[in-house]
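# Geometric and topological summary
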There are 4 protein chains.
Amino acid sequence: MPRQPTPLRTDLGWSAADRVVVRGKDLPGELLGKINLGDMAFLELMGRVPTAQESTVFNAVLVTLVEHGVTPSALAARLTYAGAPESLQAAVAAGLCGLGSVFVGSTEGVAKMLSEALPRERARTATPAELDTIAREAVAAWRARSKAPFPGLGHPIHKPVDPRTARLFEIARANGFAGGYVELVQRIAAEAARVSGRTLPLNATGAIGAICCELGVPERVVRGLGVMARAVGLVAHLLEETEHPMALEIWRRIDAEATAHARPQHD
Amino acid sequence: MPRQPTPLRTDLGWSAADRVVVRGKDLPGELLGKINLGDMAFLELMGRVPTAQESTVFNAVLVTLVEHGVTPSALAARLTYAGAPESLQAAVAAGLCGLGSVFVGSTEGVAKMLSEALPRERARTATPAELDTIAREAVAAWRARSKAPFPGLGHPIHKPVDPRTARLFEIARANGFAGGYVELVQRIAAEAARVSGRTLPLNATGAIGAICCELGVPERVVRGLGVMARAVGLVAHLLEETEHPMALEIWRRIDAEATAHARPQHD
Amino acid sequence: MPRQPTPLRTDLGWSAADRVVVRGKDLPGELLGKINLGDMAFLELMGRVPTAQESTVFNAVLVTLVEHGVTPSALAARLTYAGAPESLQAAVAAGLCGLGSVFVGSTEGVAKMLSEALPRERARTATPAELDTIAREAVAAWRARSKAPFPGLGHPIHKPVDPRTARLFEIARANGFAGGYVELVQRIAAEAARVSGRTLPLNATGAIGAICCELGVPERVVRGLGVMARAVGLVAHLLEETEHPMALEIWRRIDAEATAHARPQHD
Amino acid sequence: MPRQPTPLRTDLGWSAADRVVVRGKDLPGELLGKINLGDMAFLELMGRVPTAQESTVFNAVLVTLVEHGVTPSALAARLTYAGAPESLQAAVAAGLCGLGSVFVGSTEGVAKMLSEALPRERARTATPAELDTIAREAVAAWRARSKAPFPGLGHPIHKPVDPRTARLFEIARANGFAGGYVELVQRIAAEAARVSGRTLPLNATGAIGAICCELGVPERVVRGLGVMARAVGLVAHLLEETEHPMALEIWRRIDAEATAHARPQHD
């Protein structure tokens, strides 16, 4: 019996001779000139234009993730561009490939941990005492399950506090998005610090994971916010690489040092 | 004589324990909550925050490039995600790799053609008659040099006009960015249609190329605006793929059809 | 106190004006014309040229992984090439990005499971009865830990047996590489079928995972064998795409079908 | 009128329950255990198994391209892996994205130049005097058209001769593949050196471009040989990165140096 084909369907957009429609809205007439890139990202993911409060909070999250200096991701993009300057898009792609479990991906880990610990319907009603209990249980469960560091906690540079975290929470609070998840993640940070006996600042990815839960961004694309934001930053790195290149110099230095032990000695 | 190392330098950003600085601005204090993602992209590329007019025009350009439905780029991202759902970032990267000479890259071709034909210092002062001459020369030069289609002209779907072009120029005009380049690209489109005897609508990439020249975006990263905008759209496609998957169904259909001729006949 | 730099070192290769050295061997004099690509891969990973037996087994593993028809990975590469034909390397890269947990990555899962269950030093001495016990424990441990399907077992097409598995084991046996891991993986397959009550053929990735353990390929790069082999296959798909293109046709079909529900009805 | 669908077709391979067929050959029965990875690549691209002579020459070309030490491509792969160690495939992909016009892509440029200058049917019959003329014309045409350096000539390290070139030509000669293209490329190198007044050694990519023309590899996938070979080398770099990591150390060093000018001075 032949296989029955499954129907294919997208609700993101379609075009005809005189129309371009995105998420049900006429792109030229309803969106261009009226919406910024961050709000467009919200529309794409959530299916509706954000409120003014959502726009402020969502854009703050995205802006946090754009530029972190010469990261491994930025270096990978620059080194790729040096070999294929005709393919700027592939250099950005190379830079994005490294946004995995070690760096940007931790936003997703935080969002998953929080949304499993605190169901969405309880996030508005949980009392402080209940949140304390949930935090204790979440920390104990994580430690029972994994030796990996807690997602969203600790930072190699930003100690004892991550300056972005406080500001992101301030923006969330001023716009009505500092609810149960923002409360919970701070309790988890405190409890994790207590049981581990270490200073564990809640870093920006921890704050972002919690705020994404508040906004209702599905956990499985929380990492995607970092990906889209970093794409912006990587284009800027490639522009700077055309003006002040560093890729070939890095190559020469590393190659010389890393192979010196193998080369015949000069007299 | 040993090679002298070239110094390495970035002006995009740096971090210390209690600071995160991007383009000379304190990220938490001066940017978060005050700037949207599109304006952040402008700051990264141009080194300063845009004016309100620049912000409107620049965001309109970016928003135009986010979502074009189930393009080859979106399909590549979805098919990649089906094999490696743990690496959303690599699926976005795969989708970006195809934004080359055939699709999004034409914005860059337009910007290069325009900025070569009309030096920036003359763009504000050139008379209509001068622009007519430049357009004729640019079209003749292109045809002498290449059999490739004109960048920014013609569209497989949007005929006889691309609905995004008129709206983008309207937004540019309302904000003071419909100068010499916007004038010139329209003259080039008319001249190219005249000499080729074909209907050649100025498509959205043509409009965007011209507007980027008006804004002063360096030509070599004009393609980068499409890359960053499409990264937004690709994340949305991957979210939809988790909800209404199409990748595996496409695979099964194509495989069955494309290999049918080689398979032994069933009785 | 300033950070002390860690020294950088590679043992893979170095070049000087008149020398190219790979893994301690003079490339022109000792390798070119004397070694095939599969043996070069073995040399790169294992630090020595393979024996004739190792060469046969290792190349058989790689050859198995080259070509699987129009897979999602091949489709992603073709769709990418359609947009950026000037960047063949980026189209191959896009195709590789999907070789994750769902498809090729399962070879790595098998190798990890086997090498955890059966330490290398015991693989040569374990008795059949001991292997039976290890298999029962490995299956029980997997089921206790995860609801995911067993790595290396089951196949959507190749039922009730995967024709590649028997042949790979035959080659391994003929060359002295059908030891404890090859025995164990077959016992695990039988035990998993017994406890699940389903037909679970040991597929090619299961056989490859076991053979990699026999060869001593470190588990963390077992997936890499699939990546390098598939790179070969993807180049062939891109060559065929230039001769008999399918990418744009796929795009048109999918776009028309997936957006039909959203378009205004024609009368 | 609705669009007529174009039929889709592949001749690379297909699978059924008990069959896996690649290029018309039964994979388990006719290929596994009988063919090495390089010959499989030849089969995939050329549609037939190579002769012993073709196998030696083709594998020599591929082996030349596997490992060049800590290149920008290898560094991009390592930096990517540091951020996403769970996605080895994406780290290889990142490394491949840089194999563009500057590095490996030049093999393709050479093959295109040679096959345009010397049609395949004349390659076997052209006399030395005719080849001299063709070389002079090819050099003049290149200089008239482009200020870019000649593809395949000159090398930053290998001076005055590239040790791989002589060996590759020796292997080609011993196997009957040192015909018109190998003759022509050497004449072009000599002529280019003469008119430029510089030492311009024919580098390995020049030799490979010529040998690919001899073997009949289509020019548009000549770059693909470098891509598949480098995929092998990049997996080895990632394995070494797990044993002797350099990515994070490189990041720390570069970040410290490149941002030092922007940081407040310590007293």
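Look above for the structure.
Residues numbered from 1 in each chain as written. Chains lettered and ligands numbered in written order. Predicted model: local features only at pLDDT ≥ 70, side-chain atom pairs only at ≥ 80, totals over all residues.

### Focus on the overall build of chain A
Each helix and strand counted, chain A has 12 helices and three strands in total. Within chain A, the fraction of its 267 residues that count as buried is 60%. (Helix = DSSP H or I, 4+ residues; strand = E, 2+ residues; numbered from the N terminus. Buried ≥ 20, exposed ≤ 12 C-beta atoms within 10 Å, placed from the backbone.)

### Describing helix α12 (residues 247–259) of chain C
Between its first and last C-alpha, α12(C) extends 18 Å over 13 residues, near the 18 Å set by a 1.5 Å rise per residue. Within α12(C), the full set of buried residues consists of C:A247, C:I250, C:W251, C:I254, C:D255, C:A258 and C:T259. The buried residues of α12(C) occupy an angular sector of 120° when the element is viewed end-on, so they sit on one face. Elements in contact with the buried residues of α12(C): β1 (13–16) of chain A, α4 (72–83) and α12 (247–259) of chain B together with α4 (72–83) and α11 (222–243) of chain C. (Expected span 1.5 Å × (residues − 1). Arc of directions from axis to C-beta. Contact = placed C-beta atoms within 7 Å.)

### Let's talk about the packing of helix α3 (residues 52–64) of chain A against helix α10 (residues 204–215) of chain A
All names here are of chain A. Two elements in contact, α3 and α10, have axes whose closest approach is 11 Å; the angle formed by their N-to-C orientations is 150°. Considering their axes alone, α3 and α10 lie roughly antiparallel with respect to each other. Considering how the two elements wind past one another, α3 and α10 form a crossing that is left-handed. Touching E54, V57, F58, V61 and T64 of α3 are A204, I208, I211 and L215, all from α10. Along the lines of polarity and charge, the residues of the contact of α3 with α10 split into seven nonpolar, one polar and one charged. (Axes fitted to C-alpha atoms, helices over the stretch in contact; angles between N-to-C directions. Parallel < 35°, antiparallel > 145°, perpendicular 65-115°, else oblique. Left-handed = near helix turned anticlockwise from the far one by under 90°. Nonpolar A, V, L, I, M, F, W, Y, C, P; charged D, E, K, R; others polar.)

### Here's the deal with the pairing of strand β2 (residues 19–22) of chain A
Consecutive side chains of a regular strand alternate in pointing toward one face of the sheet and then the other. Residue and element names in this part refer to chain A. Pairing geometry for β1 and β2, over four bridges, is antiparallel. Considered in β2, the bridge of G13 is made with V22. Here β1 hands over to β2 after two residues, the two strands then running antiparallel side by side. Sheet topology places β2 next to strand β3 (residues 25–26); two bridges connect them, and they run antiparallel. (Pairing = 2+ DSSP bridges.)

### Focus: the sheet that holds strand β2 (residues 19–22) of chain B
Across the sheet, three strands lie side by side as β1-β2-β3 (chain B); this open sheet has antiparallel pairing. Looking at which strands have only one partner, the edges of the open sheet turn out to be β1 (13–16) and β3 (25–26) of chain B.

### Things to note about the sheet that holds strand β3 (residues 25–26) of chain C
Spatially, β1-β2-β3 (chain C) is the arrangement adopted by the three strands of the open sheet, whose pairing is antiparallel. Both outer strands of the open sheet, β1 (13–16) and β3 of chain C, are each paired with one neighbouring strand and no more.

### Quick word on the interface of chain D and chain B
At the junction of the two partners, chain D supplies 18 residues and chain B supplies 18 residues. For the side of chain D that touches chain B, the secondary structure elements donating two or more residues are β1 (13–16), α5 (88–96) and α12 (247–259) of chain D. Take the side of chain D that touches chain B: its biggest share by element is four residues, from α12(D). Class assignment for the residues of the side of chain D that touches chain B results in nine nonpolar, four polar and five charged.

### Re the relation of the copies chain D and chain B
Rotating chain D by 180° and translating it 0.0 Å along the rotation axis places it on chain B, where the RMSD comes to 0.0 Å. A rotation of that kind, with that shift, is consistent with a two-fold axis. When C-alpha positions in chain D are compared against the rotation axis, the closest is assigned to D:A90, at 3.1 Å. Both copies contact each other with a shared surface, as 100% of the interface residues of chain D are interface residues in chain B too. (Least-squares fit on C-alpha atoms with pLDDT ≥ 70 in both.)

### Some thoughts on the relation of the copies chain A and chain B
Its rotation angle being 180°, the transformation that places chain A on chain B also includes 0.0 Å of axial translation and leaves an RMSD of 0.0 Å. When the interface residues of chain A are mapped onto chain B, 100% of them again fall at the interface, so both copies present the same face.

Everything listed here is a matter of geometry and, on its own, says nothing about what the molecule does.
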